[in-house]
Amino acid sequence: MSTLELVRRNSLSYISLQVLITILLILCIVVYKEYVIGFSSVTTENLKTLSLISICFFIIQQLLIVNVLKSFNNPLVYFSIILYLFSAGQTFLLLLDLDFGNYNVFERIGNNDATSDSIIFYTCSYVLFHLGVLFSMFFEDKIKVGSAFDNINFEHKTFKKALLITGYLLIIIGIIPFTTTLINNIQVFVTYGYSGYYKMEDVRVSNLFSGFLYYVYTGTIFVIVSSSMKIKKVMVLFLLVFSIIKFLLGDRGDGIVFALSSYLLYVKFIQNNNKNNNMKNFVSISVIALLLMTLIPVISIYRHDNLSISTLIETLLSENPIVSTLQNLGSTLYPLAKTIELIPSYEDPIYGGSYFTSLLLLIPSIFRFGIIGEITSNPLYYSPANWIMDVLNMSYGPGFTPFAEAYLNFGWLGTIFMVFYGFLIGKLLNFNDFFKEIQPMKTKFFSGLTILCFLFFAMSSRGSFNFLIAYYFRYIIIPLIFVYIIYMYFNKFNKKNKV
């Protein structure tokens, strides 16, 4: 019996447990907020207590989701951790009185009331997000991902061939914009520093051109799923090297996402996935994580133009990689706090406007005119990060989060929306290989697909909902259509030859 089927049979107990966790969280927050803080101004000690409550429930959610999935090496688990740490990383430092380094998000917010509301909002949203994830596991799909492939024989060589050809075609389509954009990013970073993209618009590669580079990622994973072991290793190494480059360029979010994606691909498609490798997997990811975390303080040196060999060596020897990572995570608490300050005093909630706009953005730009053109050109709807950057007159991109976007759309009711968000993420990032013995290629294909979804969707933990919809359609659905067309062509060709 698969883990998924086992969980569905015990759905009531898991759902009841999560509901009790949610009620307990709300009670803890209400009691502390109303009876301890009361009408007094929020102090740093109050923020520490709220952080402790939040971190405790973060740990509880991780224990629950790992228990349900029976695995730590799962895209859904990694997404859950990233979602929390990008918004709450510095709360660990606050709670333990550790050094904030060059960026103290609490000082930058400068408003303890907004900060406390932010911690409460993302903690409640995070717990309700996991309620949605549990719902996604407990109930049968109404629209199954594989239904469009019902007439495909995954185990036939033509499917593997179609997937491999599509993978290489996608890499060919994306390799020039990928390489050009990468070189441009390196040049901008060396010349203008990390904030060059935000201070100087003319240095960017055009969106139309750069959008094709993402096909390299899709093509790479398609090739990993369908190629020989030697090619698999080369492609996984490529993604890992690219993640290191992302770290060095200061793009910490994408660097973490690509590193985790590389590791998931390694575990699933290169390393023998059996119980004897559990400890090896744990040691491997720990070593890789520590190595990548040591790049964080180096990035800080680059960003503040203080690079020298002596400073570099001193930093690497003296910095605690875990503390340095937490110093650089959690910065997206800022856009959430500022959104809470701005909504509704400066701007009314947009009541699902950014989510609806993510669908409108699927329409080619030449067909966006009239009211559609107005909506899709308004930063408040198509890019909340740019909106808050403009409103606050910032010289750099603050990023955004699903939590901030939920508040932007619905205010405090945005916590309820996170249930739907969790349901969607749970459907797209979790795949149980219960038929791997009888259909190994089908298992590999959908395993690769969930990792591909993770690669794209984890970026949305520091962005907006349009990452989910636009990326899923352009870089997953469209390539799958090509796989299907090529597969059907090969089948038709083979039938003609037999006749």
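Everything that follows concerns the structure shown earlier in this document.
It should be emphasised that the depicted structure is a prediction, and the values quoted were computed from it without experimental measurement.

## Comments concerning the overall build of the protein
- Assigned secondary structure in the protein consists of 25 helices and zero strands.
- Across the 499 residues in the protein, those meeting the buried criterion constitute 54%.
- By sequence separation, contacts in the protein at least 24 residues apart represent 78% of the contacts at least 6 residues apart.
- Approximately 23,400 Å² of the protein is accessible, and the part contributed by carbon and sulfur atoms is 64%.

## Observations concerning a nonpolar patch on the surface
- A surface patch of nonpolar side chains, about 360 Å² in accessible area, is lined by Val19, Leu20, Ile23 and Leu27.
- When you line up the elements, Ile23 lands in helix α2 (residues 11-37).
- Of the residues examined, Ile23 reaches a relative accessible area of 44% and is grouped as partly exposed.

## Quick notes on empty space enclosed by the protein
- Under the counting rule described, the total for this entry stands at three cavities of 30 Å³ or more.
- Approximately 60 Å³ is the volume found for the largest cavity.
- Listed by contribution, the elements that provide at least two residues to the lining of the largest cavity are α22 (402-410) and α23 (414-429).
- With three residues, the top contributor of residues to the lining of the largest cavity is α23.

## As for the pattern of salt bridges
- Tallied over the full model, the rule gives four salt bridges.
- Across the pair Lys48 and Glu45 runs a salt bridge, and its minimum N-O distance is 3.5 Å. Residue Lys48 and its partner Glu45 are located together in helix α3 (residues 44-69), separated by three residues, close to a single helical turn.
- Residue classification places Lys48 among the buried positions, given a relative accessible area of 13%.
- Note that Asp97 and Lys48 form a salt bridge whose closest N and O atoms lie 2.6 Å from each other. Pair noted here: Asp97 is in the loop between α4 (75-96) and α5 (105-109) and Lys48 is in helix α3, with a separation of 49 residues, a long-range link.

## Side note on the environment of Ile15
- Assignment of secondary structure puts Ile15 in helix α2.
- The buried category is assigned to Ile15, whose relative accessible area is 15%.
- Expressed as a C-alpha distance, the spacing of Ile15 and Leu134, which sit 119 residues apart in the sequence, is 7.0 Å.
- Apart from residues no more than four positions distant in its own chain, Ile15 is found in contact with Leu131, Leu134, Phe135 and Phe138.

## Digging into the side chain of Gln62
- Along the chain, the position of Gln62 falls in helix α3.
- Within the local environment of Gln62, its side chain forms a polar contact with the side chain of Ser80, the two groups lying 2.7 Å apart.
- Only 2.6 Å separates the side chain of Gln62 from the side chain of Tyr126, close enough to count as a polar contact.

## Observations concerning unusual backbone geometry
- Along the chain, Ile343 connects to Pro344 via a cis peptide bond; the corresponding omega equals 5 degrees.
- With a phi close to 50 degrees, Tyr351 is a non-glycine residue in the positive phi region.
- Secondary-structure assignment places Tyr351 in the loop between α17 (333-342) and α18 (353-360).
- Residue Tyr351 is classed as exposed on the basis of its relative accessible area of 62%.

## Remarks on the nonpolar core
- Counting residues in each nonpolar core, the largest one holds 143 residues, and the members touching the most others are Phe79, Tyr217, Phe454 and Phe456.
- Among the elements that make up this core, the one with the highest residue count is helix α6 (residues 112-138) (15 residues).

## Some remarks on the packing of aromatic side chains
- Within the structure shown, the criterion is met by 45 aromatic pairs.
- Consider the rings of Phe159 and Phe445, whose centres lie 5.2 Å apart with planes at 85 degrees: the pair is edge-to-face. Placement of the pair is Phe159 in helix α7 (residues 157-192) and Phe445 in helix α24 (residues 440-457), with a sequence separation of 286 residues.
- Here Phe159 falls in the buried class, since its relative accessible area comes to 0%.
- Ring centres of Phe242 and Phe258 lie 5.0 Å apart, and the angle between their planes is 85 degrees; this geometry places the pair in the edge-to-face category. Linking Phe242 in helix α11 (residues 229-248) with Phe258 in helix α12 (residues 252-269), this pair joins segments that are 16 residues apart in sequence.

## Some details on α22
- The buried fraction of α22 amounts to eight of the nine residues, a majority that puts the element mostly inside the structure.
- Positive backbone phi, approximately 65 degrees, marks Gly411, located one or two places after α22.

## Quick word on the environment of Val30
- Looking at where Val30 falls in the secondary structure, it is placed in helix α2.
- Since its relative accessible area comes to 38%, Val30 is described here as partly exposed.
- Sequence separation between Val30 and Ile120 is 90 residues, and the spatial gap between their C-alpha atoms is 9.7 Å.

Conventions and cut-offs
- Counting restarts for each chain, with residues numbered from 1 along the sequence as it is written.
- Totals for whole chains, interfaces and linings use all residues, but because this is a predicted model, local features are given only for residues with pLDDT of at least 70 and pairs of side-chain atoms are given and counted only at 80 or more.
- With hydrogens and water set aside, each side-chain value is computed from the structure's full complement of heavy atoms.
- Under the DSSP-based scheme used, a helix requires at least four consecutive residues in state H or I and a strand at least two consecutive residues in state E, with every element numbered from the N terminus.
- Only protein chains enter the calculation, and the probe is 1.4 Å; a residue is then buried if its accessible area is under 20% of its type maximum, exposed if over 50%, and partly exposed in between.
- Contacts are residue-level and defined by heavy atoms, with any inter-residue pair within 4.5 Å sufficient.
- Shrake-Rupley sampling with a 1.4 Å probe provides the accessible areas, and residues are treated as covered by the protein chains on show and by no other component.
- To count toward a patch, a residue needs a relative accessible area over 30% and no salt bridge; like charges are then connected within 9 Å, while nonpolar side chains (Val, Leu, Ile, Met, Phe, Trp, Tyr) are connected within 5 Å.
- Salt bridges are defined as contacts in which a side-chain nitrogen from Lys or Arg sits within 4 Å of a carboxyl oxygen from Asp or Glu.
- Definitions used throughout: a 1 Å grid over protein atoms alone; a cavity as a set of points that fits a 1.4 Å probe which cannot get out; a pocket as an open set with protein on both sides within 12 Å along at least five of seven lines; a lining residue as one with an atom within 4 Å of a point.
- Grid points are joined across faces, edges and corners, and a volume is the space filled by probe spheres set on the points.
- In the analysis that follows, any N or O atom pair within 3.5 Å is treated as a polar contact, provided that within protein one partner can donate a hydrogen and the other can accept it, and provided that, for residues neighboring in sequence, both atoms belong to side chains.
- For our purposes a nonpolar core is just a set of buried Ala, Val, Leu, Ile, Met, Phe, Trp, Tyr and Cys residues, chained together by side-chain atoms within 4.5 Å.
- The aromatic pairing rule takes the rings of Phe, Tyr and Trp, using the six-membered ring of Trp, and pairs them if the centres are within 6.5 Å, calling planes under 30 degrees apart stacked, those over 60 edge-to-face and the rest tilted.

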